[in-house]
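# Reading the structure
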Amino acid sequence: MSLSLAFNTAQSSLSANAAKIALSSRNVAGAGEASASRKIAVTTTAADGSVRVVSITRATGSALFDRMLGATSDSAAQQALASGLDRLAQTVGDPQDPTSPVARLGTLKDALTRAADTPDDMTLAQAAVTAAQDLASSLNTATDTVQQVRTDADAAIATSVGNVNDLLHQFEAENSGIVKGTAAGADMTDALDRRDAILARLSEEIGISTVTRANNDIVIYTEGGATLFETTARTVGFTPSHTLDAKTDGGSVFVDGVSVTGRDATMPVRSGRIAGLTQLRETAASTYQTQLDELARGLVDAFAEADGAGTVRAGLFMPAAASATVPGGLARGLAGTLAVNAAVDVAQGGDIRLLRDGGMNGAAFASNTTGAASFAGRLKEMVAAVDAPRTYDGAAQLSDNQSLVSFGTASVSWLQGARKAADARLDSEKTVLAQASNALSAATGVNLDDEYASQLELERGYQATSKLMGVVNQLYDSLFQMIG
C-alpha cells in the first residue's frame, strides 16, 4: 500500500468515525423523547479502501408502529366511554343510595302500603305524596345528569375535531418537507420522527391507517376508509349542539363531506376519542335515558285514573306543563318533566284526600264515591300497580313483563354492568398499548447502554486510526529526510 493511499484511508476513517460519534450523540440526546428513533450511519468502502458515510437512516418497525397506533386509538375510545359511564354511575346509579330513583320508588311503595293500612290517616297520605314528589325530582335530576354527560361529550367531540384538523395541518407541513428532502437525499430522520409523533397524537383522536408512497410520502385514511390526508389535509367537520336535551340526537362528524360517526355513517370510525365520545353520547347515555323515560312513563301509566266511560288520564304522576293524557309508547324526555299532580299537592291548593279517593281529574274519575274514611281500595290499586308486570320500549334494552321496581333495579344493574365492562376493557386496552409501545421502543428506540458501548468502540477506532496517521506521518518524514 502506498503512503498516499494509507493516508487517505486513515483520513476517511477518521471522518467516518467523527460522523458516527456525532450521530451517537444525537441518539443519546434524544433518548428521553418517546418519538425518537435510533439513527444509523450507513457506510461504504471504496475500491481505494476509503470509508465514507453515504446516508443516515433510522431504526424502523412498520408493523409495530401500526400496532401501537391501533392500540392508542382503542385505548382512547375506551377511556372516553368509561369516564362517561363513571359519571352516570356515581351520580344516579347506586340502588342503595336513598336519593336514587330506585330507592325513591321503594320508599313510595312503602308509603302507599302504610297509607292503605290506615286510609283515614291523612298524615300517611301526605307522606306518600311527599315520596312521590321526591321520586319525580330524582328522575328529573337523573335526566339532567344524563343530558349533561351527553352535552359534555358533544363539546368534547368538537374539541377532538379541532385537534384533528390542527394535527393534519402540522402533518402536511412535515410531510411536504420530508418528501422534498428525501428526493434531494437529505437526512430527514428527525423530521420522520416528528411526523410519527403527529400520527401517534392523531390516532388518539380518531382511528387511522396509513400508506407510504415514494419519497416517504404518506397517505392517511380513517379506519373506515375515508381519506384524511393525501398531499393536502382534508377538512374534518362537526357542528356542536351546545345543548342536548333528551329528545335531541347529536350531530355527526364528517371527513371531507363523508359521515364517519352517527347512525347514518357511511364510513364509520370505531376507535379513537371521537368514536368513544360518540358511543357515550348516542348509545350508552341515550339508552340509559330511555330507561329513565320508560320508568317515568310506567309511573304515569300505573297511577293513571279512568272514568266509567273508559277515558284515561294521568293521576298522581304527570308530565309537568303538559297534557294530562297518558302518553302511549316511548315518551323521550318524560323523566325530565315528571311532576306530581297539583290536585293532590296541598302546597298548590290541592286536596290530599284525592290520593285515597281518586278524582284528581274530576268527580267522574273518583273511586271512593261515598267519601268513606276507611276506603282503601284506590291505595291498594296503586300498590298493586307498582308490582304489576308491564311492557317497556325495546330501546331500553331491558326485559319486558316486570314490575316498575324490578325494571328500575334492572336499569341500575345494566348501568353498573356497562361500567364494569368498560373499565375491564379499558384495563385490557391499556395493557395492549403498553406492550405495543414497549415492543416498538425495544425495536426502534435508543438504548443508552448500547450507545455508550458503541461510543467506546468508536473512540478506540478513532485512536487506532490516529496512530496509523501518526505512523504514516513518520514515514513521510523519513522519506523526506532520505530525499533531502
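Residues numbered from 1 in each chain as written. Predicted model: local features only at pLDDT ≥ 70, side-chain atom pairs only at ≥ 80, totals over all residues. Heavy atoms only, no water.

### Observations concerning the overall build of the protein chain
Let me state the cut-off plainly: Every helix listed is a DSSP run of H or I at least four residues long, and every strand listed is a run of E at least two residues long, numbered separately from the N terminus. Note on exposure labels: buried denotes an accessible area under 20% of the residue type's maximum, exposed denotes more than 50%, and partly exposed covers the range between, all computed with a 1.4 Å probe on protein chains only. Here the open area of atoms and residues is found with the Shrake-Rupley method and a 1.4 Å probe, where only the protein chains shown may cover a residue.
In terms of regular secondary structure, the protein chain is built from 10 helices and 13 strands. A burial count over the protein chain gives 44% of its 484 residues as buried. Surface summary for the protein chain: the accessible area is close to 22200 Å², and the carbon and sulfur share equals 52%.

### Let's talk about the environment of Glu-381
Along the chain, Glu-381 turns up in helix 8 (residues 377-387). Considered as a pair, Glu-381 and Ala-302 are 79 residues apart in the sequence and their alpha carbons are 9.1 Å apart.

### Comments concerning the packing of helix 4 (residues 122-184) against helix 6 (residues 273-302)
Short version of the rule: Think of each axis as a best-fit line through the C-alpha atoms, taken over the contacting stretch in the case of a helix, with angles from 0 to 180 degrees between the N-to-C directions. In what follows, roughly perpendicular refers to angles from 65 to 115 degrees, roughly parallel to angles under 35, roughly antiparallel to angles over 145, and oblique to any angle outside these ranges. Should the near helix be turned counterclockwise from the far one by less than a right angle, the crossing is left-handed, whereas a clockwise turn marks it as right-handed. Nonpolar residues are Ala, Val, Leu, Ile, Met, Phe, Trp, Tyr, Cys and Pro. Charged residues are Asp, Glu, Lys and Arg, and all others, Gly as well, are polar.
Contact geometry for helix 4 and helix 6: axes closest at 9 Å, N-to-C directions at 165°. Here helix 4 lies roughly antiparallel to helix 6, going by the angle between them. Handedness of the crossing formed by helix 4 with helix 6: left-handed. Residues belonging to the contact of helix 4 with helix 6 are distributed by class as follows: 19 nonpolar, 6 polar and 5 charged.

### Details of the packing of aromatic side chains
Spelled out, the test is: Geometry of aromatic contacts follows a simple scheme: Phe, Tyr and Trp rings, the Trp one being its six-membered ring, pair when their centres are within 6.5 Å, and the pair is stacked under 30 degrees between planes, edge-to-face over 60, tilted otherwise.
By the definition in use, this model includes 3 aromatic pairs. An angle of 15° between the planes, with centres 4.0 Å apart, marks the rings of Tyr-392 and Phe-407 as stacked. Of this pair, Tyr-392 sits in the loop between helix 8 and helix 9 (404-444) while Phe-407 sits in helix 9, and the two are 15 residues apart along the sequence.

### Concerning the sheet that holds strand 5 (residues 227-230)
To summarise the sheet geometry, strands pair through backbone hydrogen bonds and adopt either a parallel or an antiparallel arrangement. Under the convention used in this document: The criterion for strand pairing is that DSSP finds at least two bridges linking the strands in question. We call two residues contacting when some pair of their heavy atoms lies within 4.5 Å.
Taken in spatial order, the 4 strands line up as 3-4-5-6 in an open sheet, and their pairing is antiparallel. Edge positions in the open sheet fall to strand 3 (208-212) and strand 6 (232-233), since each of these has one partner strand only. Two strands pair when backbone bridges link them, and strand 5 and strand 6 are joined in this way by 2 bridges, in the antiparallel orientation. Along strand 6, the bridge assignment pairs Phe-229 with Ala-233. Each of strand 4 (218-222), strand 5 and strand 6 is contacted by helix 4, which is oriented at about 25° to strand 5, the strand it contacts most.

### Quick look at the sheet that holds strand 7 (residues 236-237)
One open sheet accounts for 3 strands, arranged 7-8-9; its pairing is antiparallel. Strands with a single pairing partner mark the edges of an open sheet, and in this sheet they are strand 7 and strand 9 (258-259). Here strand 7 pairs with strand 8 (residues 254-255) via 2 bridges, running antiparallel. Paired with Gly-237 across the bridge in strand 8 is Phe-254.

### Considerations on the pairing of strand 4
With respect to burial, strand 4 is a largely interior element, 4 of its 5 residues being buried. Across 5 bridges, the pairing between strand 3 and strand 4 is antiparallel. Looking across to strand 4, one finds that Ile-208 is bridged to Thr-222. In this structure, the hairpin formed by strand 3 and strand 4 is closed by a connection of 5 residues, where Asn-215 is found at a positive phi of approximately 60°. Sheet topology note: the strand 4/strand 5 ladder contains 2 bridges and is antiparallel.

### Digging into the confidence of the model for the protein chain
For clarity, the cut-off: The score called pLDDT rates the predictor's confidence residue by residue, from a low of 0 to a high of 100.
Of all residues in the protein chain, 81% have pLDDT values of 70 or greater, and the mean over the chain is 86. For residues 322-330, every residue scores under 50 in pLDDT, and the model assigns this stretch 21 contacts once sequence neighbours within four places are set aside.

### What about the pattern of salt bridges?
Just so we agree on the cut-off: Here a salt bridge means any side-chain nitrogen of Lys or Arg lying within 4 Å of a carboxyl oxygen belonging to Asp or Glu.
Using the criterion set out here, one finds 24 salt bridges in the structure. Between Asp-387 and Lys-109 there is a salt bridge, with the nearest N and O atoms lying 2.7 Å from each other. Of this pair, Asp-387 sits in helix 8 while Lys-109 is found in helix 3 (residues 101-117), placing the two residues 278 residues apart along the sequence. Residue classification places Asp-387 among the partly exposed residues on the basis of a relative accessible area of 37%. For Lys-109, a relative accessible area of 25% translates into the label partly exposed.

### Some words on helix 4
Here is the rule we go by: Here, expected helix span is obtained from the residue count minus one, scaled by 1.5 Å.
Between its first and last C-alpha atoms helix 4 spans 92 Å; for 63 residues at 1.5 Å apiece the expected length is 93 Å, and the two agree. Of the residues trailing helix 4, Gly-185 is marked for its positive phi of about 80°.

### Concerning the side chain of Glu-294
The following threshold applies: A 3.5 Å cut-off defines polar contacts: any pair of N or O atoms within that distance qualifies, except that in protein one atom must be a possible hydrogen donor and the other a possible acceptor, and neighbouring residues in sequence count only when both atoms are side-chain atoms.
Checked against the element boundaries, Glu-294 lands in helix 6. At 2.8 Å, the side chain of Glu-294 and the side chain of Arg-297 are in polar contact. Within polar-contact distance, the side chain of Glu-294 engages the backbone nitrogen of Asp-393 at 2.5 Å.

### As for the environment of Thr-231
Within the secondary structure, Thr-231 sits in the loop between strand 5 and strand 6. Counting along the chain gives 55 residues from Thr-231 to Ser-176, while the straight-line C-alpha distance between them is 7.7 Å. For Thr-231, the residues in contact, after removing those within four places along its chain, are Glu-172 and Arg-213.

### Here we look at the pairing of strand 5
Put simply, side chains in a regular strand alternate between the two faces of the sheet. Once strand 4 ends, the chain turns through 4 residues before running back antiparallel as strand 5, passing Gly-225 with a positive phi of about 110°. The turn linking strand 5 back onto strand 6 is made up of 1 residue, and Thr-231 within it adopts a positive phi angle of 70°.

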